[in-house]
Amino acid sequence: AEESLQSWLRRRLARPVGPTAVYVIFVLVVVAVLSATGVAGAELEFGAWAVAMHLWFLGIYVLVVALTPIAVAAHRRWGLWVPAVLVAAVAAIDAATLGGGVPYLDWLNYLLPWAVLYQLGIAWQHGMLRGRSALAVAGVSALALGLLVGLGPYPVSMIGVPGQAVNNTSPPNLVLLALGCTQAGLVLAAAPALNRALNSPRVQRVLAVANDNVMALYLWHMVPVVIVALAGYPTGLLPQPTLGTGAWWLFRLEWVAILAVVAA
């Protein structure tokens, strides 16, 4: 029997909401205990911010998933015109806020770029964006990404860096959308080969375990960052080379390795 919309939404939303609730409760308890034991306010504030900042996805995810019937109906009626119009809307909002100084309008971009990527997934599910068309999306998006960073006001870092006039993630903007579309186009083009490579029973078992734990891994991946940062930087155990230098890039590799060990 066909699954009802209500049960489908309940099943889709339960996957992230359940692990997120466990994570949030744990973090709140730890913050309360540390606050009661007299941990310095500045350090506690940084730690709480770091382990909570990546929860931004939950509200957007719930909203996008809840709008799935509308998104599917729009695709059936207008096809790829839907993501195209959404891209134009993101560009218009950036022009109005970055160029015209219009306040608050850019809040819409907390939703629209992700709606574009969701719409591309719906198009792919309905048989579009296969092969060359997916590569075309990746190619055009990569070209736009280079032009926006090279000639436009957007910084090269896709996440916020102190001192930048524009933050590509707060809110998401056109350059972040260009990066997402580049990645989406490449993944969709590689999907047939990936499906063939991942089709064996052994690989499927590994993927099943990974899928069951991917949300937990995402939620908890900032905890090692906080632990290592608070243990290493105030004490001087970790170096702090100048941003962008060769030493800084080399330490990025060491940083990832340290976090991987702590996360494991």
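A short tour of the structure in this document, coming up. Quantities reported herein were computed from a predicted structural model and do not represent experimental measurements. (Residues numbered from 1 in each chain as written. Predicted model: local features only at pLDDT ≥ 70, side-chain atom pairs only at ≥ 80, totals over all residues. Heavy atoms only, no water.)

### Thoughts on the overall build of the protein chain
Here is step 1: Scanning the protein chain for helices and strands turns up eleven helices and zero strands.
Here is step 2: Along the protein chain, helices and strands appear, N-terminal first, in the series α-α-α-α-α-α-α-α-α-α-α.
Here is step 3: Based on the C-alpha atoms only, the size of the protein chain along its principal axes is roughly 60 × 50 × 35 Å.
Here is step 4: Within the protein chain, the fraction of its 264 residues that count as buried is 29%.
Here is step 5: When the accessible area of the protein chain is evaluated, it comes to approximately 16200 Å², of which 71% is carbon and sulfur surface. (Helix = DSSP H or I, 4+ residues; strand = E, 2+ residues; numbered from the N terminus. Buried < 20%, exposed > 50% of the residue type's maximum accessible area, 1.4 Å probe, protein only. Areas by Shrake-Rupley, 256 points an atom, 1.4 Å probe, with all protein chains shown as cover.)

### Details of a nonpolar patch on the surface
Here is step 1: A contiguous nonpolar patch, built from V22, F26, V30, L34, V39 and W220 and spanning about 460 Å² of accessible area, is present on the exposed surface.
Here is step 2: Considering each element in turn, the nonpolar patch owes the most residues, four residues, to helix 1 (residues 5–36).
Here is step 3: Note that V39 resides in the loop between helix 1 and helix 2 (41–52). (Patch = residues over 30% accessible without salt bridge, like charges linked within 9 Å, V, L, I, M, F, W, Y side chains within 5 Å. Salt bridge = Lys/Arg side-chain N within 4 Å of Asp/Glu carboxyl O.)

### Quick look at the side chain of N109
Here is step 1: Turning to its location among the elements, N109 is positioned in the loop between helix 5 (81–99) and helix 6 (112–125).
Here is step 2: A polar atom in the side chain of N109 sits 3.2 Å from the side chain of D94.
Here is step 3: Once residues lying within four places of it in the same chain are set aside, the contact partners of N109 are V90, I93, D94, P171, P172 and N173. (Polar contact = N/O pair within 3.5 Å; in protein donor to acceptor, adjacent residues only side chain to side chain. Contact = heavy atoms within 4.5 Å.)

### A look at the environment of V65
Here is step 1: One can find V65 in helix 3 (residues 56–66).
Here is step 2: Classification of V65 as buried rests on a relative accessible area of 1%.
Here is step 3: Distance in space between the C-alpha atoms of V65 and R12 is 7.8 Å, their sequence separation being 53 residues.

### Observations regarding the layout of surface pockets
Here is step 1: One number sums up the size of the largest pocket: a volume of about 1700 Å³.
Here is step 2: As for the largest pocket, its lining consists of 39 residues, of which W49, M53, I159, G160 and M222 are closest to the centre.
Here is step 3: For the lining of the largest pocket, the secondary-structure elements that each account for two or more residues are helix 2, helix 10 (222–232) and helix 11 (246–263).
Here is step 4: In terms of residues, the lining of the largest pocket owes the most to one element, helix 11, which gives seven residues.
Here is step 5: For the lining of the largest pocket, a count of residues per class yields 28 nonpolar, ten polar and one charged. (1 Å grid on protein atoms, 1.4 Å probe; cavity = no way out; pocket = protein on both sides within 12 Å on 5 of 7 lines; lining within 4 Å. Points joined across faces, edges and corners; volume = space filled by probe spheres on them. Nonpolar A, V, L, I, M, F, W, Y, C, P; charged D, E, K, R; others polar.)

### Let's talk about the nonpolar core
Here is step 1: Core analysis: the largest hydrophobic core is formed by 24 residues, its most contacted members being L86, L148, Y154, L174, V175 and L177.
Here is step 2: Broken down by secondary-structure element, the contributors of at least two residues to this core are helix 5, helix 6, helix 7 (132–151) and helix 8 (174–197).
Here is step 3: Examining the composition of this core, we find that seven residues originate from one element, helix 8, more than from any other.
Here is step 4: Those residues in contact with L177, other than ones at most four positions away along the chain, are V87, V90, P113, V116 and L117. (Core = buried A, V, L, I, M, F, W, Y, C linked by side-chain atoms within 4.5 Å.)

### As for the packing of aromatic side chains
Here is step 1: Per the stated rule, a full pass over the model turns up seven aromatic pairs.
Here is step 2: Look at F57 and Y218: their rings are 5.3 Å apart centre to centre, the planes differ by 85 degrees, and that puts the pair in the edge-to-face class. One end of the pair, F57, is in helix 3; the other, Y218, is in helix 9 (residues 201–220), with 161 residues separating them in the sequence.
Here is step 3: Seen from their ring centres, Y104 and W107 are 5.6 Å apart, and the 85 degrees between their planes marks the pair as edge-to-face. Here Y104 matches W107 in class, with each residue exposed.
Here is step 4: Among the aromatic residues, those joined into a ring-pair cluster are Y23, F26 and W220. (Phe/Tyr/Trp six-rings, centres within 6.5 Å; stacked < 30°, edge-to-face > 60°.)

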